[in-house]
Amino acid sequence: MDGAAEGNASESDKNLSRRERKRANRAGGGDGQKSGKRAKRGVFARAALYYRQIIAELRKVVWPTRSELMNYTSVVVVFVAVMIGLVATLDWGFAKASFWIFG
């Protein structure tokens, strides 16, 4: 009979929402600890999981080819050089203007 009662209890648990199951577990003497993936892990287990996730994410990255990398790098260097020239020209112009205005 106990087996039948447990079978009925587990079957009725399937009809309950997650919140209701959690409340029933607490009311039934459950300590409320997390289980499964959300269980508390040790420091080394969490560090190992962190590094495994980093490696998994790096495998998803689409790395540029050597020619694409050279192209992107040259575009950035040229852009920075143009911006340096623009800012230097404006700085020189404002310096000359302030010397002309204030003597």
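Because the structure is a prediction, the values reported are computed rather than measured.

It is worth spelling out the overall build of the chain at this point. When helices and strands are counted, the chain shows four helices and zero strands. In the chain, the succession of α and β elements from N to C terminus is α-α-α-α.

All chains considered together, the criterion is met by one salt bridge. The residue Glu57 makes a salt bridge to Lys60 at a minimum N-O spacing of 3.2 Å. Of this pair, Glu57 and Lys60 both sit in helix H3 (residues 43-60), three residues apart, which is roughly one turn of that helix. Judged by its relative accessible area of 46%, Glu57 falls in the partly exposed class. The class for Lys60 is exposed, based on a relative accessible area of 60%.

Turning our attention to a positive patch on the surface. A grouping of Arg18, Arg19, Arg21, Lys22, Arg23 and Arg26 is seen on the molecular surface, where their side chains present a positively charged patch. Among the structural elements, Lys22 can be located in helix H2 (residues 18-27).

Another aspect to go through is a nonpolar patch on the surface. Where nonpolar side chains cluster on the molecular surface, the patch consists of Val76, Phe79, Val80, Met83, Ile84, Leu86, Leu90 and Phe94 and spans about 800 Å² of accessible area. Within the secondary structure, Leu90 sits in helix H4 (residues 66-102).

Below, the discussion takes up the confidence of the model for the chain. Looking at the chain, the pLDDT average stands at 83 and 76% of residues meet or exceed 70. For the chain, helix H1 (residues 2-15) is the element with the lowest average pLDDT, namely 56, and H4 is the one with the highest, namely 97.

Rules used throughout
Residues numbered from 1 in each chain as written. Predicted model: local features only at pLDDT ≥ 70, side-chain atom pairs only at ≥ 80, totals over all residues. Heavy atoms only, no water. Helix = DSSP H or I, 4+ residues; strand = E, 2+ residues; numbered from the N terminus. Salt bridge = Lys/Arg side-chain N within 4 Å of Asp/Glu carboxyl O. Buried < 20%, exposed > 50% of the residue type's maximum accessible area, 1.4 Å probe, protein only. Patch = residues over 30% accessible without salt bridge, like charges linked within 9 Å, V, L, I, M, F, W, Y side chains within 5 Å. Areas by Shrake-Rupley, 256 points an atom, 1.4 Å probe, with all protein chains shown as cover. Lys, Arg positive; Asp, Glu negative; His and termini not counted. Charge placed at Lys NZ, Arg CZ, Asp CG, Glu CD. pLDDT = per-residue confidence, 0-100.

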